[in-house]
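# Topology and contacts: notes
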Amino acid sequence: MRAVPIGHPPLTRDQVVAVARDGAPVEVTPEAMQAVAEARAHVDALAASARPTYGVSTGFGALAVKYIPAERRAQLQRSLVRSHAAGAGPEVEREVVRALMLLRLRTLATGHTGVRPSTVRAMADLLNAGIVPVVSEHGSLGCSGDLAPLSSVALALMGEGQVRDVHGTLRPAADALAEAGIEPVELGEKEGLALINGTDGMLGMLALALADLRLLLDTADLTAAMSVEALLGTDRAFAADLIALRPHPGQALSAERMTRFLAGSEVVASHRGPDCTRVQDAYSLRCAPQVHGAARDIVAHAETVANRELAAVVDNPVVLTDGRVESNGNFHGAPLAYVLDFLAIAVADVASMAERRTDRLLDVARSHGLPPFLADDPGVDSGHMIAHYTQAAVVAELKRLAVPASVDSIPTSAMQEDHVSMGWAAARKLRRAVDGLTTVLGIELLTAARGLDLRAPLSPAPATAAALTTLREHVPGPGPDRHLAPDIATAADLIRSGTALRAAEESRGEER
């Protein structure tokens, strides 16, 4: 696998995913290492000066007014990392920690943080060795950045704390570093602060969520189309001339995709004639492009924010090219926290609409000829009744997760940090929301597919038929009740991997 270069130009979201999720190696460019060395020379000069400089020869936060003599500055940096590695709760996922490490390395390599080249190399070596420090769920307020999570990484660089090795085994950091041939870092002036003062956890989780949401929103168009078809709905509301009357780009894309998925459907064609007395479909069918499209537009905005952050230098203080070391507020996570919260709202609404379509498929009064709960022998069999309960429970949880974290703030550090972003919390709940949406769409896929099976001998559209066939390779079709939990898990896996969506798109000669 080709190494991801760290330096200029900025990292892309795809590169973040490649390193975090797929284990791609990294390589700091020579130009970046030169910039790091030049910035360090400025820090060394300030360290030798009698004039106090924040982060170099002073304490931190509310203790910034305290001057630290030269002989105690190494201890200052070690104490900073040890005291700030104060997380609690369950371990954060491996991909999140790798993303956090990568993005901190990216900032260190800009030459604006003042760390030594050897520290940059150590961080890159840690990533390439597959060593993942243990980071706890709780501890970051999103300002000053993700202090506690990043401190756990810095602690491992010092050869302290615990890590997971490349095999996922929990080990003391010192042992894992020694086995990988990585020398523990003896922190110099400014380095402890530079290693922990960033929004890298928030940004990493945003990049990962955006990759997942692009796939999930594309899949929502597919499962919605399958539900429209199974419910004898129409595709006329998705016509380009109607959609153009309200020129939102996401809406247009979702409508176009749903129209393509439904093209050539015998089921849809069967009720186009004058015998059909239905004037219009329910909102959960007719307005799917409007809701999915609005979510797409939020994702597009979030991608813009993520791209800006990937080009940013987040540290305090920063080393400027003229040698000044200046305090700033760029570590505040508000830009990330807002979009992380906004995405969770969109996820909840997309899931809520999918649940309404599923409910309609199961209700004999609204499903236009399908059996109650799609059961094989209603009364003896319950069909998908309780699968819908599960879907409804997940949607209810998604609505709770949509409550914004970014409107909260708890002052800390003796009121020095008197307004915080809660961006880390927003990112953590978005990850849970993404998982929930995957389950919700998996249940809609199962239910709509069963509905299409029960419309035989009418054939579904080629695209929806391909998705149905792919599902049937793993999950049996209609019949007497069976254990449904494995079917739900399998459908969710087919969505998470993109397998169901690829089948539908490839049936039309499209590529993702």
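Residues numbered from 1 in each chain as written. Predicted model: local features only at pLDDT ≥ 70, side-chain atom pairs only at ≥ 80, totals over all residues. Heavy atoms only, no water.

## So, the overall build of the protein chain
Each helix and strand counted, the protein chain has 20 helices and nine strands in total. Per-residue burial over the protein chain gives 55% buried out of 512 residues. Sequence separation of at least 24 residues holds for 78% of the intrachain contacts in the protein chain that already meet a minimum separation of 6. Of the roughly 20800 Å² of accessible surface on the protein chain, 55% is carried by carbon and sulfur atoms. Of note, the protein chain has its 48 positive side-chain charges centred 3 Å away from the centre of its 61 negative side-chain charges. (Helix = DSSP H or I, 4+ residues; strand = E, 2+ residues; numbered from the N terminus. Buried < 20%, exposed > 50% of the residue type's maximum accessible area, 1.4 Å probe, protein only. Contact = heavy atoms within 4.5 Å. Areas by Shrake-Rupley, 256 points an atom, 1.4 Å probe, with all protein chains shown as cover. Lys, Arg positive; Asp, Glu negative; His and termini not counted. Charge placed at Lys NZ, Arg CZ, Asp CG, Glu CD.)

## Quick word on the nonpolar core
As a rule of thumb, nonpolar side chains are buried together in soluble globular proteins. Ile6, Val28, Leu105, Leu206, Leu343, Leu398 and Leu430 are the most contacted members of the largest nonpolar core, which has 151 residues in total. Considering each element in turn, this core owes the most residues, 19 residues, to helix α9 (residues 200-230). Not counting the four nearest positions on each side in its chain, Leu398 is found in contact with Val347, Ala348, Ala351, Arg432, Ala433, Gly436, Leu437 and Val440. Core analysis: the next-biggest nonpolar cluster, separate from the first, contains six residues, Ala39, Val56, Val319 and Val325 among them. (Core = buried A, V, L, I, M, F, W, Y, C linked by side-chain atoms within 4.5 Å.)

## Focus on the packing of helix α3 (residues 73-84) against helix α6 (residues 147-157)
At their nearest, the axes of α3 and α6 sit 8 Å apart, and the two run at 125° to each other. Taken together, the axes of α3 and α6 lie oblique to each other. Crossing of α3 over α6 shows left-handed handedness. In this structure, α3 contributes Val81, Arg82 and His84 to the contact, and α6 contributes Leu147, Ala148, Ser151, Ala154 and Leu155. Looking at the contact of α3 with α6 residue by residue, the class counts come to five nonpolar, two polar and one charged. (Axes fitted to C-alpha atoms, helices over the stretch in contact; angles between N-to-C directions. Parallel < 35°, antiparallel > 145°, perpendicular 65-115°, else oblique. Left-handed = near helix turned anticlockwise from the far one by under 90°. Nonpolar A, V, L, I, M, F, W, Y, C, P; charged D, E, K, R; others polar.)

## Notes on the side chain of Asp315
With respect to the helices and strands, Asp315 occurs in the loop between α14 (288-310) and β8 (318-319). At 2.7 Å, the side chain of Asp315 and the side chain of Lys190 are in polar contact. (Polar contact = N/O pair within 3.5 Å; in protein donor to acceptor, adjacent residues only side chain to side chain.)

## Let's talk about the side chain of Ser284
Along the chain, Ser284 falls in helix α13 (residues 283-286). On the accessibility criterion, Ser284 (9% relative accessible area) is buried. Here Ser284 is in contact with Met353, Arg356, Arg357 and Arg360, once residues within four sequence places are set aside.

## Let's talk about the environment of Thr490
Looking at the secondary structure, you find Thr490 in helix α19 (residues 485-496). A relative accessible area of 23% means that Thr490 is categorised as partly exposed. C-alpha separation for the pair Thr490 and Ile443, spaced 47 residues apart in sequence, amounts to 10.0 Å. Contact partners of Thr490, with chain neighbours within four places excluded, come to His474 and Val475.

## Description of the pattern of salt bridges
Under the counting rule described, the total for this entry stands at 40 salt bridges. Glu355 serves as the salt-bridge partner of Arg356, at 2.6 Å between the closest nitrogen and oxygen. A relative accessible area of 8% means that Glu355 is categorised as buried. Two residues, Arg482 and Asp487, come together in a salt bridge whose shortest N-O distance is 2.9 Å. (Salt bridge = Lys/Arg side-chain N within 4 Å of Asp/Glu carboxyl O.)

## Topic: unusual backbone geometry
In this structure, the amide linkage connecting His8 to the following residue, Pro9, adopts the cis form with an omega of 5°. Its place among the elements puts Pro9 in the loop between β1 (4-6) and α1 (13-22). Residue Pro317 is reached from Asn316 by a cis peptide bond, and omega for that bond is -5°. Looking at the element boundaries, Pro317 is found in the loop between α14 and β8. In the Ramachandran plot, His368 falls in the positive-phi region, its phi being about 60° despite a non-glycine side chain. Inspection of the secondary structure puts His368 in the loop between α15 (334-362) and α16 (385-401).

## Concerning the environment of Gly168
By secondary structure assignment, the location of Gly168 is in the loop between β6 (162-164) and β7 (170-172). With 37 residues separating them in the primary sequence, Gly168 and Ile131 have C-alpha atoms 8.5 Å apart.

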